[in-house]
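Summary of the model geometry
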Amino acid sequence: MDDQDVGIVSSTPIIRLSVQLIGAMCDGQYTDMQNYLRFQDNKLISHNFLVMLIRLLHCVRSGELLMDTMKSINSMISANDTAKETAIENDIVEILNTIVASEAPANDPENAQEIKSNCYSLLSTLVEQSNMLNEFYDKVREELDIKTLQNEIHMHLGHLGSEGGEKAQTAAFKGYALLKKISSLEKKDYVGKLDEEISQKLKVGSVEVQWKGHLEKVYYPIPKSGYIRNKIKEELKWGVDRKSKFDKQRDFLQWSSEIVDDVVHQRYFMSVPFLNWIMKHEVWWDWLVFIIALMIQLWLLKEWEDVNWVMGKDEEAPPHIEECYEEQNRTGINSTNVCPSEGFRFTIICLGTVHLAACLFLGLSYFLSNYHRISLKFDPNKRMSIKWHSFYHFYLLALLVCSCLGIWTNGVMYCFHLFHIATLFDLLGRVIRGATTHADQLLVCVPFAVIIAYIYAIIYFFFFREMFDNTKMEYCDSLGRCLVTVLKNSMRPSSGGHNYSWKDRKTFTDLWMRLLIDSSFWILFTIIGLNVVTSLILDGFRQLKAEREKALRDMTTLCTICGLSKDHLTSHGIAWSTHVEREHNLWSYITFFYYLQEHSGRFSAVENEVLHKFKKLDPSFLPSGRCISIDTKVETKE
């Protein structure tokens with residue numbers, strides 16, 4: 001083709017559409033279509049569309065047609081060794097190297113970064129893991145100039161703050177990923193100082209995945225949007241199923257899938273500035289609810305004094321107390337018989353309004369963050385599912401109601417908000433969870449205790465009701481009043497029995513009767529009943545402690561991703577902290593899954609397979625029992 005022909009081709013829409021159609025037909029590593037487009041065995045005349053596209057790539061040097069051509073070639077050779085071999089035999093590496101080394105065309109500056117980006121993607125596809133990797137790589141390295149590639153990445157980084165910065169960022173990342181891939185294959189550091197510059201200007205993450213029997217390190221740009229809440233991190237940290245390595249990996253993928261959905265949900269609301277502010281400061285609202293309630297209660301300790309008591313003291317009473325005392329004597333009306341100082345009511349209204357706003361924001365933040373997890377029908381397969389009748393929902397409602405009543409009752413109802421301290425400190429929360437672990441069994445003990453008390457109430461009513469002394473709040477005039485008296489006395493500590501007055505019962509025979517009744521009640525209610533309750537509570541603490549210790553031991557000695565032990569890694573000279581923080585970081589994998597779900601561009605063969613298996617919760621792509629650092633050391637020794 002001469003220059004005139006090239007111009008005609010570049011400006012012909014039908015050519016672009018045809019190229020795009022070829023790429024779309026092969027997208028997703030559709031091997032059968034890739035092979036068919038290279039050779040049509042059911043036709044008399046076969047056309048190799050891959051070779052045609054490479055020839056077209058050789059003719060076109062700029063424009064959207066060039067980008068479409070590289071994308072289509074990438075789709076045709078991805079995860080297909082035969083197609084890669086055909087492309088390399090037709091000098092595609094030489095063409096790509098020329099494009100990489102070429103300067104941005106003056107008539108097409110906006111697409112220059114994207115052209116280079118597609119070029120890096122195509123080169124990365126040529127050197128992805130395969131059975132013929134060594135052969136392919138040798139041919140690629142014959143033509144590819146590393147120095148030119150390094151200079152181009154520097155050039156892309158220099159354009160980050162200018163027009164087309166996003167395209168420059170994508171090009172810099174893809175060039176960096178290609179350079180890291182080459183460095184790992186040759187066991188040489190071609191990145192050098194680029195690592196520091198990339199870390200300053202770009203956010204790049206990496207994960208290790210298993211693909212075609214090999215371990216592949218995949219680099220990805222960390223998405224800008226997305227927010228994982230600390231509560232979700234804690235739930236994942238302690239909630240993963242640790243029965244076996246496979247169960248742990250599969251459950252991790254289940255958690256990851258739901259966390260990714262949660263991040264997408266958070267991003268939707270955080271796009272609204274006001275809601276973003278409320279949701280990001282949920283911790284503030286937690287603390288404000290408690291701190292303001294505490295301030296009000298401390299003030300009540302200072303302000304609330306009985307008027308009559310203050311006036312009865314020898315020292316002079318404050319003026320506001322004297323006024324209240326005179327008003328009380330004049331009207332005879334003062335329900336609380338207390339008299340706060342001037343400005344008390346105004347301060348309660350101001351603090352109460354802020355407290356009410358904090359309760360509203362806390363509830364709003366919770367429901368905006370979690371309403372997608374709340375379901376009418378609880379799904380046990382969902383790790384982050386929340387029951388609609390969860391106790392915490394009623395607790396938030398109670399906080400709001402008590403805050404409203406607190407203003408009306410001059411701060412009295414704020415005392416209930418002091419319980420909120422249990423949500424602020426994990427230790428207090430664990431104490432409550434331990435005490436309520438066997439809540440269902442503890443509830444069964446309640447009717448059992450009432451039945452015992454009812455039996456003794458019948459005995460007292462029919463045989464000993466005259467022994468009760470009403471002046472000491474011992475009533476047994478009816479069976480119902482007798483039951484209430486027995487229940488009340490059963491709750492107080494005693495050396496055994498109820499310790500009633502036994503009025504008009506002074507003989508030795510009465511002593512035997514009292515001994516029989518009190519000792520039997522003491523055995524049934526105190527020794528058996530209360531000890532059963534105590535043992536259930538203690539067993540709950542033991543169970544919670546055992547589960548926490550098991551989880552902590554697992555987290556500190558076994559990698560969730562690969563299952564390798566700390567001792568095994570240490571024996572190969574790999575620090576545990578380096579492994580779990582850099583090589584197999586849980587949150588790096590979750591961020592990678594989020595990137596795969598939200599990325600709108602085309603994926604490499606590795607990324608496509610990971611996404612496919614992740615959606616099916618298939619952990620076979622995780623590096624089970626392996627990591628690149630150990631494999632590299634073993635290969636070096638061999």
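Here the residue index of a chain counts from 1 through its sequence in written order. The model is predicted, so local features are restricted to residues of pLDDT at least 70 and side-chain atom pairs to those at 80 or more, both for listing and for counting; the totals for chains, interfaces and linings are taken over all residues. Hydrogen atoms and water are omitted, and side-chain values are computed over all heavy atoms in the structure.

Some thoughts on the overall build of the protein
For the record, the criterion: Strands here are runs of E lasting at least two residues and helices are runs of H or I lasting at least four, both read from the DSSP assignment and numbered beginning at the N terminus. Only protein chains enter the area calculation, which uses a 1.4 Å probe; residues under 20% of their type maximum are buried, those over 50% are exposed, and those in between are partly exposed. Using the Shrake-Rupley algorithm and a 1.4 Å probe, accessible areas are obtained, with residue cover drawn only from the displayed protein chains.
A count of helices and strands for the protein gives 30 helices and four strands. Within the protein, the fraction of its 638 residues that count as buried is 42%. Of the roughly 34,600 Å² of accessible surface on the protein, a fraction of 59% belongs to carbon and sulfur atoms.

Section: the packing of helix α8 (residues 112–126) against helix α10 (residues 146–158)
Rules: Fitted lines through C-alpha atoms serve as axes, helices being fitted only where they are in contact, and the angles separating the N-to-C directions of these axes extend from 0 to 180 degrees. Working definition: roughly parallel below 35 degrees, roughly antiparallel above 145 degrees, roughly perpendicular at 65 to 115 degrees, and oblique for all remaining angles. By definition, any crossing whose near helix is turned counterclockwise from its far helix by less than a right angle is left-handed, and any crossing with a clockwise turn is right-handed. For this analysis, residues touch if any pair of their heavy atoms sits within 4.5 Å. In this classification, Asp, Glu, Lys and Arg are treated as charged, Ala, Val, Leu, Ile, Met, Phe, Trp, Tyr, Cys and Pro as nonpolar, and every other residue, Gly included, as polar.
Closest axis-to-axis distance for the α8/α10 pair is 12 Å, and the angle between their directions is 140°. By the angle between their directions, the pair α8 and α10 is classed as oblique. With respect to the hand of their crossing, α8 and α10 are arranged in left-handed fashion. Contact residues: Gln113, Lys116 and Tyr120 in α8; Leu149, Glu152, Met155 and His156 in α10. Taken together, the residues that form the contact of α8 with α10 break down as three nonpolar, two polar and two charged.

Points about the pattern of salt bridges
Our working rule: A carboxyl oxygen of Asp or Glu within 4 Å of a side-chain nitrogen of Lys or Arg is what we treat as a salt bridge.
Per the stated rule, a full pass over the model turns up 17 salt bridges. Here arginine 548 makes a salt bridge to aspartate 426, at a shortest N to O gap of 3.8 Å. Pair noted here: arginine 548 is in helix α25 (residues 508–557) and aspartate 426 is in helix α22 (residues 426–435), with a separation of 122 residues, a long-range link. Residue arginine 548 is classed as partly exposed on the basis of its relative accessible area of 29%. Judged by its relative accessible area of 43%, aspartate 426 is partly exposed. Several salt bridges converge on common partners, so that one network encompasses Asp426, Arg430, Arg433 and Arg548.

A look at the state of the cysteines
Rules: Disulfide: a pair of cysteine sulfur atoms within 2.5 Å of each other.
A complete count under the given rule lists one disulfide for this structure. Disulfide pairing is shown between cysteine 476 and cysteine 482; the S-S distance is 2.1 Å. Taking the sign of the torsion about the S-S bond as the criterion, the disulfide between cysteine 476 and cysteine 482, at about -80°, is left-handed. Just as cysteine 476 is buried, cysteine 482 falls in that class too. This cysteine, cysteine 559, is not joined by any disulfide, and cysteine 562 carries the nearest cysteine sulfur, 3.5 Å off. Taking the relative accessible area as the measure of exposure, cysteine 559 reaches 2% and is therefore buried.

Topic: the packing of aromatic side chains
Geometrically, a pair of aromatic rings is defined through the distance of the ring centres and the angle of the planes. What counts is decided by this rule: Side-chain rings of Phe, Tyr and Trp, where Trp is taken by its six-membered ring, are said to pair if the distance between their centres is within 6.5 Å; with planes under 30 degrees apart they count as stacked, over 60 as edge-to-face, and otherwise as tilted. For a lysine, the NZ atom is tested; for an arginine, the CZ atom; a charge sits over a ring if that atom is within 6 Å of the ring centre and within 35 degrees of the ring normal.
For the structure on display, the rule yields 22 aromatic pairs. For the ring pair tryptophan 299 and phenylalanine 344, a centre distance of 5.1 Å and an interplane angle of 50° mean the geometry is tilted. Note that tryptophan 299 is positioned in helix α16 (residues 282–303) and phenylalanine 344 in helix α19 (residues 344–370), a separation of 45 residues in sequence. Accessibility expressed as a relative area gives 21% for tryptophan 299, which makes it partly exposed. We classify phenylalanine 344 as buried; its relative accessible area is 3%. Ring geometry for phenylalanine 592 against phenylalanine 593: centres 6.3 Å apart, planes inclined by 45°, an arrangement best described as tilted. There is no split in this pair, since phenylalanine 592 and phenylalanine 593 are both buried. Clustering of aromatic rings is evident, with ring pairs tying together Tyr220, Phe592, Phe593, Tyr595, Phe603, Phe614 and Phe621. Positioned above the aromatic ring of tryptophan 587 is the side chain of lysine 233, whose terminal nitrogen or guanidinium carbon lies 5.8 Å from the ring centre. Of note, arginine 548 hangs over the ring of tryptophan 238, and the distance from its end group to the ring centre comes to 4.0 Å.

Description of helix α12 (residues 194–201)
Rules: Working definition: the arc comes from the directions between the helix axis and the C-beta atoms, pointing outward to the latter.
Those residues of α12 lying buried are Leu194, Glu197 and Ile198. On an axial view of α12, the arc spanned by its buried residues comes to 100°, and they lie on one face. Turned more than 90 degrees away from the buried face of α12 sit Glu196, Ser199 and Gln200, all of them exposed. Where α12 is buried, its residues meet α10, α11 (165–186) and β1 (204–211).

Considering the nonpolar core
For clarity, the cut-off: Only buried residues count toward a nonpolar core, which is a set of Ala, Val, Leu, Ile, Met, Phe, Trp, Tyr and Cys residues joined through side-chain atoms within 4.5 Å.
Counting residues in each nonpolar core, the largest one holds 56 residues, and the members touching the most others are Leu57, Met70, Ile73, Ile92, Leu96 and Leu126. Other than its neighbours up to four places away in sequence, leucine 96 contacts Leu57, Met70, Cys119, Leu122, Leu123 and Leu126. Counting residues in each nonpolar core, the second largest holds 41 residues, with Ile228, Val240, Leu253 and Phe592 among its members.

Focus on a negative patch on the surface
Keep this limit in mind: Exposure above 30% relative accessible area and the lack of any salt bridge qualify a residue for a patch; like charges then connect within 9 Å, and the nonpolar side chains Val, Leu, Ile, Met, Phe, Trp and Tyr within 5 Å. For the purpose of charge, His is not counted, nor are the chain termini; Lys and Arg are scored as positive and Asp and Glu as negative. Here the site of a charge means atom NZ of a Lys, CZ of an Arg, CG of an Asp or CD of a Glu.
A cluster of acidic residues, Asp91, Glu94, Asp138, Glu142 and Glu143, forms a negative patch on the protein surface. Top contributing element to the negative patch by residue count: helix α9 (residues 133–143), with three residues. Residue position: glutamate 94 is located in helix α7 (residues 92–101).

Examining a nonpolar patch on the surface
Among the surface-exposed residues, Val272, Phe274, Trp277, Val283, Trp284, Trp287, Ile291, Met295, Phe425 and Leu428 lie close enough to one another that they form a single nonpolar patch of about 920 Å² accessible area. Among the elements that line the nonpolar patch, the one with the most residues is α16, at five residues. On the basis of relative accessibility, which here comes to 37%, the residue isoleucine 291 falls in the partly exposed class.

Description of the confidence of the model for the protein
Where the model shows low pLDDT, its predicted coordinates should not be examined in detail. Test applied: Known as pLDDT, the predictor's per-residue confidence is scaled from 0 to 100.
Of the residues in the protein, 89% reach a pLDDT of 70 or more, and the chain-wide mean stands at 82. Per-residue pLDDT stays below 50 along residues 1–6; that stretch engages in four contacts with residues further than four places along the chain or on separate chains.

Concerning the environment of histidine 389
Among the structural elements, histidine 389 can be located in the loop between β4 (386–387) and α20 (391–408). According to the relative accessible area criterion, histidine 389 is partly exposed, its value standing at 40%. Separated by 15 residues in sequence, histidine 389 and isoleucine 374 have C-alpha atoms that sit 9.1 Å apart.

Overview of the pairing of β1
The side chains of a regular strand alternate between both faces of the sheet. To keep it simple, the criterion reads: Any two strands between which DSSP finds at least two bridges are classified as paired.
Summarising burial for β1: six of the eight residues are buried, a large majority. Direction of pairing for β1 relative to strand β2 (residues 214–221): antiparallel, over a ladder of eight bridges. Each residue of the ladder has a partner; that of tryptophan 211, found in β2, is histidine 214. Joining the antiparallel neighbours β1 and β2 is a turn of two residues, in which lysine 212 adopts a positive phi near 55°.

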